[in-house]
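Here's the letter readout for the chains.
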Amino acid sequence: MSERSDRFAGIRQEILEGMEQRAESRAAAFELRKQFLDSKTGKIGQMMKEMKNIAPEERASFGKSVNELKEWAQQKFAELDERMKARELRLRYELEKIDVTMPAEEREVGNLHPITQMRNQLIDVFAGMGFEVVETKEIETDYYNFTALNTPQDHPARDMQDTFYLSPEFLLATQTSAAQIHTMEKKKPPIKMVAAPGKVFRSDDDATHSPMFHQLEGLVVDKKITLCDLKGMLDVFVQKIYGEGATTRLRPSYFPFTEPSVEVDVSCFECGGSGCKLCKGTGWIEILGAGVVNRKVLENCGIDADEYSGLAFGIGIERAAMLKYGINNIKLLFESDLRVLKQINDN
């Protein structure tokens, strides 16, 4: 009996020492509890299995002692678990507490990308003049990208070194002008639309050109549309974007889809026309291409060119943004350099 009492006392002592030395968390306390109270592998559980080896007259006393030990151990582990809960809660409070007297963390306020800002400004300007905004496509057929726009088969723009062909029929759109054809095929005049600034692709890459860039295309088709309408509309556009004193001038040019065609310059908004580095001393800056819609383009879309005429223009979003914000390398618009983006915020 003395040997058994010593054994029970030893298990109690072992449990108490384990609680002091090893129970650093609820997980550790659980493992310690399992070591003694698990029904299959625990030390107290193993003692219950010894009942069959105990003399019949001693089984009642032995079983009572084992149950008392088990109840005592369960109570001790329950108390330990409560202590662990309270300890972990204190640690959590310590980690999550907030000192309201400390200064708040500064959070930087973001702003839209320069291209997005310019896109939104352009849409606002032309929507304010009554233009409908339509979506563009990034993949076009050769017909809509070139043929319907009166581009000859031997035109350099069709060359493989200038255009990204996906197949003999499909290609990455080189311009948003195809949206004009889609619109004229679906809608009868009068038409007044801008193609929402979309991505276009050309095999060109230097400080002022990118293989991928954004364009906004505009089209007006109605009776008695002339270059005078184009000039007046573009004057409003440059004044809204570059300031009230800005104006435009038209220079003769050539595009297959317009006749006559013009390059449009804006008066230098940096020097007021007196000549500076931005305008290279000329007082003018090239801004976009435009013209009166070619009769063949109208006829390709089933519009009577004797009754209706139209004007069209295309604006490079990156170029417009670079001029307005003083950016001298187009790649700065695609590198996501926060030093560049932080300086530009017209919102």
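Everything numeric here is computed off the predicted structure, so don't read it as measured data.

Asker: Explain the overall build of the chain here, please?
Answerer: When helices and strands are counted, the chain shows eleven helices and nine strands. Relative to the compact-globule value of 20 Å for 347 residues, the chain shows a C-alpha radius of gyration of 41 Å, a clear excess of over 25%. The long-range share in the chain, meaning contacts at least 24 apart out of those at least 6 apart in sequence, stands at 65%. If the 46 positive side-chain charges of the chain are averaged to one point and the 55 negative ones to another, these points end up 7 Å apart.

Asker: Looking at this structure, how should I read unusual backbone geometry?
Answerer: With the exception of glycine, most residues fall at negative phi, and the peptide bonds are largely trans. A cis geometry characterises the amide bond from P189 onward to P190, with omega recorded as 5°. Looking at the secondary structure, you find P190 in the loop between α7 (178-186) and β4 (191-201).

Asker: Just checking my understanding: could you explain the pairing of strand β9 (residues 309-316) for this structure?
Answerer: Regular strands place their side chains on alternate faces of the sheet. The buried fraction of β9 is high, at seven of eight residues. Strand direction decides the pairing type here: strand β5 (residues 212-222) and β9, joined by eight bridges, are antiparallel. In the sheet register, E217 faces β9, and the bridge partner there is G314. Here strand β8 (residues 284-293) pairs with β9 via five bridges, running antiparallel. Paired with V292 across the strands is L311, a residue of β9.

Asker: Quick question: what am I supposed to make of the packing of aromatic side chains here?
Answerer: One pair of aromatic rings is described through two measures. These are the centre distance and the angle between the planes. Using the criterion set out here, one finds seven aromatic pairs in the structure. On the basis of an interplanar angle of 75° and a centroid distance of 6.4 Å, the ring pair of F131 and F313 is categorised as edge-to-face. With F131 in the loop between α5 (114-128) and β1 (132-134) and F313 in strand β9, the pair connects residues that are 182 residues apart, well separated along the chain.

Criteria and cut-off values
Residues numbered from 1 in each chain as written. Predicted model: local features only at pLDDT ≥ 70, side-chain atom pairs only at ≥ 80, totals over all residues. Heavy atoms only, no water. Helix = DSSP H or I, 4+ residues; strand = E, 2+ residues; numbered from the N terminus. Rg over C-alpha atoms; globule rule 2.2 N^0.38 Å. Contact = heavy atoms within 4.5 Å. Lys, Arg positive; Asp, Glu negative; His and termini not counted. Charge placed at Lys NZ, Arg CZ, Asp CG, Glu CD. Buried < 20%, exposed > 50% of the residue type's maximum accessible area, 1.4 Å probe, protein only. Pairing = 2+ DSSP bridges. Phe/Tyr/Trp six-rings, centres within 6.5 Å; stacked < 30°, edge-to-face > 60°.

Purely spatial values, then, with no claim about function.
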